[in-house]
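# Topology and contacts: notes
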Amino acid sequence: QVQLVESGGGLVQAGGSLRLSCAASGRTFSTSAMGWFRQAPGKEREFVAAISGSGGTRKYADSVKGRFTIFRDNDKNTLYLQMNSLSPEDTAVYYCTAAAPNAPLIAALGHFASWGQGTQVTVSS
């Protein structure tokens with residue numbers, strides 16, 4: 001399994017922006033679909049965004065479309081999530097995740113094989 005380490009979380013006011021990063025180990029990064037999920041207190045982990053290995057295909061949850069952008073740098077083995085126009089409803093622990101190499105891009109929790117430890121994002125009103 002690939003090792004994933006998230007960074008970039010923190011406290012931000014409503015309307016602000018944050019950029020999350022996820023550094024991945026291993027040689028299969030560019031062949032693996034990657035994603036971001038989040039989990040708020042008392043709620044189930046939910047899909048946020050996902051991107052294909054090449055970066056050519058992206059999927060977003062309806063709740064973040066137009067505000068969040070997922071992108072990746074395969075030369076740096078790094079995944080990103082640019083979050084703009086943040087609201088208190090975006091407060092959660094955000095997890096980076098990787099699918100198995102060459103697996104299709106499917107925006108479902110059970111599709112992803114490796115998970116990071118999570119980074120906290122808190123949006124104040």
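One can find the structure itself at the top, above this paragraph.
Note that the coordinates shown come from a computational prediction; the quantities given were computed from them, not determined experimentally. (Residues numbered from 1 in each chain as written. Predicted model: local features only at pLDDT ≥ 70, side-chain atom pairs only at ≥ 80, totals over all residues. Heavy atoms only, no water.)

## Let's talk about the state of the cysteines
Scanning all chains against the criterion turns up one disulfide. Residue cysteine 22 pairs covalently with cysteine 96 via a disulfide, S to S 2.0 Å. Measuring handedness by torsion sign, the sulfur bridge of cysteine 22 and cysteine 96 sits at about -75 degrees and is left-handed. Note that cysteine 22 is positioned in strand β3 (residues 18–24) and cysteine 96 in strand β9 (residues 92–99), a separation of 74 residues in sequence. (Disulfide = S-S within 2.5 Å. Helix = DSSP H or I, 4+ residues; strand = E, 2+ residues; numbered from the N terminus.)

## A short note on the packing of aromatic side chains
Using the criterion set out here, one finds four aromatic pairs in the structure. With 4.8 Å between their ring centres and 20 degrees between their planes, phenylalanine 71 and tyrosine 80 make a pair best called stacked. Look at phenylalanine 71 and you get partly exposed, because its relative accessible area is 22%. Aromatic ring contacts, followed pair by pair, group Phe37, Phe47, Phe112 and Trp115 into a single cluster. Geometry around tyrosine 95 places arginine 45 over its ring, the cationic atom sitting 3.7 Å from the centre. The ring of tryptophan 115 has arginine 45 sitting right over it, with the charged end atom 4.9 Å from the ring centre. (Phe/Tyr/Trp six-rings, centres within 6.5 Å; stacked < 30°, edge-to-face > 60°. Buried < 20%, exposed > 50% of the residue type's maximum accessible area, 1.4 Å probe, protein only. Lys NZ or Arg CZ within 6 Å of the ring centre and 35° of its normal.)

## Let's talk about the sheet that holds strand β7 (residues 68–73)
Sheet architecture is open: four strands sit in the order β1-β3-β8-β7, paired in antiparallel fashion. Every interior strand has two partners, whereas the edge strands, β1 (4–7) and β7, have only one. On average, each strand axis in the sheet is tilted by 15 degrees relative to the strand beside it, whichever way the strands run. Sheet topology places β7 next to strand β8 (residues 78–83); six bridges connect them, and they run antiparallel. Directly across from arginine 72, in β8, lies its bridge partner leucine 79. (Pairing = 2+ DSSP bridges. Axes fitted to C-alpha atoms, helices over the stretch in contact; angles between N-to-C directions.)

## Some thoughts on the pairing of β9
Taken across its eight residues, β9 has seven buried, putting it largely inside the fold. With six bridges joining them, strand β4 (residues 34–39) and β9 adopt antiparallel strand pairing. Note on β9: the bridge partner recorded for methionine 34 is alanine 98. Summarising the sheet, β9 and strand β11 (residues 119–124) pair through three bridges and their orientation is antiparallel. For tyrosine 94, the partnering residue across the bridge sits in β11 and is threonine 119.

## Points about the side chain of glutamate 6
Looking at the secondary structure, you find glutamate 6 in strand β1. The charged side chain of glutamate 6 is buried without a salt bridge, its nearest counter-charge being arginine 45 at 7.5 Å. Separated by 2.9 Å, the side chain of glutamate 6 and the backbone nitrogen of glycine 118 make a polar contact. (Lys, Arg positive; Asp, Glu negative; His and termini not counted. Salt bridge = Lys/Arg side-chain N within 4 Å of Asp/Glu carboxyl O. Polar contact = N/O pair within 3.5 Å; in protein donor to acceptor, adjacent residues only side chain to side chain.)

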